[in-house]
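The residues making up each chain are set out below.
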Amino acid sequence: MSASSPTTATGALDGANEKRGLWSSRMAFILAATGSAVGLGNVWKFPYITGENGGGAFVLVYMLCIAAVGLPIMMAEVVIGRRGGRSPVNSIRHITQRDVLSSRWSIVGIIGVLAAFLILSFYSVIGGWAVSYVGTTASGQLTGQSAEAIGALFSNLLADPGTLLLWHTVFMALVMAVVVKGVRAGLERAVSILMPALFVLLLTVVGYAMTTGHFGAGVSFLFKPDFSQLSTSGVLVALGHAFFTLSLGMAIMMAYGSYLPKDISIAKTSITVSLMDTVVALLAGLAIFPIVFANGLEAGAGPGLIFQTLPLAFGHMPMGSLFGSLFFILLIFAAWTSGISLLEPLVEWLEEQKGMNRVRSTLGAGIACWLLGIASILSLNLWSDVAPLGMFAMFEGKTVFDLLDYLTSNILLPLGGLLVAVFTGWFMAKDALQSELSMSATGFNIWYATLRYLAPVAVMIVFVYNLI
Ligand code: PFF
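Every value quoted in this text rests on a predicted model; they were computed, and no experiment measured them.

Draft legend 1. A look at the pattern of salt bridges. For the structure shown, the criterion picks out seven salt bridges. Across the pair Glu-344 and Arg-358 runs a salt bridge, and its minimum N-O distance is 2.8 Å. Taken together, the residues span a long stretch of sequence, with Glu-344 in helix H14 (residues 320–354) and Arg-358 in helix H15 (residues 358–379) at a distance of 14 residues. On the basis of relative accessibility, which here comes to 5%, the residue Glu-344 falls in the buried class. A salt bridge links Glu-351 to Arg-358, with the nearest nitrogen and oxygen atoms 3.2 Å apart. According to the relative accessible area criterion, Arg-358 is buried, its value standing at 9%.

Below, the structure written as structure tokens:
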């Protein structure tokens with residue numbers, strides 16, 4: 001933990017057995033948590049799953065999941081982290097020992113480490129696509145191109161395992177380079193400049209989208225719910241994505257919470273992070289869908305959606321090569337800070353449990369992840385017909401890439417979140433939660449009831465519906 005700990009202030013946490021630095025301010029925590037939350041999930045995944053699931057009704061359910069399930073669980077993760085004052089697995093162990101609970105609860109931390117590892121393996125491949133598009137946009141080859149030509153460029157990238165491997169390797173190396181040195185503090189400072197910059201560039205593309213003559217169609221696609229377009233599996237995707245986009249169910253917010261000073265409001269900071277994350281996702285949607293409709297593209301085009309629409313915008317706006325390359329550089333930064341928070345839990349776990357040093361654990365975890373990423377790369381071309389668990393109905397037709405995405409977002413993260421909700425809502429001492437949260441009685445009661453009943457029941461109902 002030490003190598004990545006915030007170094008800005010020192011002080012021992014109540015109940016912690018080691019001296020650990022605290023975040024210097026509420027802002028530092030917000031930046032780190034936002035750095036983890038805002039990433040490819042907002043700009044790449046949210047628009048494409050919205051397109052695949054019919055738009056407005058999906059977006060509405062997604063926002064409900066953020067507010068009624070994601071936010072309360074984020075607060076619970078931060079509470080566990082700050083209460084335990086240690087790394088996630090040890091925080092839970094500490095709380096279970098003190099409150100005489102079963103030590104089996106540390107499974108939450110293990111699920112988190114496993115999910116983070118599986119996610120990073122394909123996240124890095126998509127991060128690699130963004131790296132490759134910096135050159136594509138900067139070279140000016142998109143200028144004035146048709147939608148077909150831009151689509152072909154993307155298909156050619158997917159069909160070429162060598163190029164995909166190169167950019168996947170570059171992305172993973174970027175992530176490992178930071179994790180091994182533990183220089184995250186510097187990167188977090190960078191987030192305070194780069195996130196607003198990404199925001200401004202997204203606004204620029206939204207501005208362009210307004211000139212396409214199809215902005216209204218984009219807005220109504222996103223915000224006019226048509227429930228006939230939403231299936232029960234779409235509801236599961238919305239729920240899973242609420243966890244993915246807020247970096248929940250992986251004990252990451254627990255790790256960050258352990259550094260949060262006692263006098264800072266967990267509710268306010270969690271609301272701020274969730275709001276910023278949601279605004280970025282919605283802006284990405286507003287930037288993309290008008291371009292989709294203006295060019296007669298397919299809203300449900302799948303994972304390639306942003307790579308087929310945004311380059312079209314950059315190819316047609318003034319100074320598009322400059323804006324385009326800047327945009328993809330900022331997207332890489334957003335993905336990078338998220339990637340770091342995905343590798344960190346496994347590296348820490350190897351250090352704590354296997355006694356490895358930082359270099360060996362980073363190399364071991366990073367290389368294992370990189371290797372698994374190769375399977376995702378091949379599933380985009382040579383193995384595009386291979387469905388490894390296709391004999392089970394729920395995994396039918398799913399390639400390695402689809403399978404990893406489904407397993408993590410739709411199963412492991414909601415399961416991790418469910419366990420966090422049950423642990424906090426039903427097992428942790430209520431007075432401890434009250435003192436950690438120090439909210440008004442009404443605020444606390446709403447949170448507590450949501451965590452005990454609404455969130456677990458919602459996750460279970462969605463699970464059961466999708467299994468039968
Ligand atoms: N929240 C990140 C995104 O939306 O891109 C992805 C992510 C990061 C998921 C860290 C999970 C995580 F623990």
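From this point on, the discussion continues.
Draft legend 2. Quick look at helix H5 (residues 107–138). Taking 1.5 Å per residue as the helical rise, H5 with its 32 residues ought to reach 46 Å, and the 46 Å between its terminal C-alpha atoms agrees with that figure. Within H5, the axis deviates most sharply at Leu-120, by approximately 25 degrees. Across the 32 residues that make up H5, a large majority, 27, are buried. Gly-140 lies just past H5 and shows a positive phi near 80 degrees.

Draft legend 3. Structural context of helix H17 (residues 430–437). Within H17, burial applies to Ala-432, Leu-433, Glu-436 and Leu-437. Buried positions in H17, seen along its axis, are confined to an arc of 120 degrees and lie on one side of it. The secondary structure elements touched by the buried residues of H17 are helix H3 (56–84), helix H12 (266–294), helix H16 (400–427) and helix H18 (441–467). Just downstream of H17, Ser-438 is the residue with a positive phi angle, here 30 degrees.

Draft legend 4. Expanded view of the packing of aromatic side chains. Scanning the entire structure with this criterion turns up 25 aromatic pairs. These aromatic residues form a ring-pair network of at least three members: Trp-129, Tyr-133, Phe-154, Phe-307, Phe-314, Phe-327 and Phe-328. Taking NZ or CZ as reference, Lys-398 lies 4.8 Å from the ring centre of Tyr-406, over its face. Directly above the ring of Trp-426 sits Arg-452, whose terminal nitrogen or CZ lies 3.8 Å from the centroid.

Criteria and thresholds
Residues numbered from 1 in each chain as written. Predicted model: local features only at pLDDT ≥ 70, side-chain atom pairs only at ≥ 80, totals over all residues. Heavy atoms only, no water. Salt bridge = Lys/Arg side-chain N within 4 Å of Asp/Glu carboxyl O. Helix = DSSP H or I, 4+ residues; strand = E, 2+ residues; numbered from the N terminus. Buried < 20%, exposed > 50% of the residue type's maximum accessible area, 1.4 Å probe, protein only. Expected span 1.5 Å × (residues − 1). Bend = angle between axes of the 7 residues up to and from the residue. Arc of directions from axis to C-beta. Contact = heavy atoms within 4.5 Å. Phe/Tyr/Trp six-rings, centres within 6.5 Å; stacked < 30°, edge-to-face > 60°. Lys NZ or Arg CZ within 6 Å of the ring centre and 35° of its normal.

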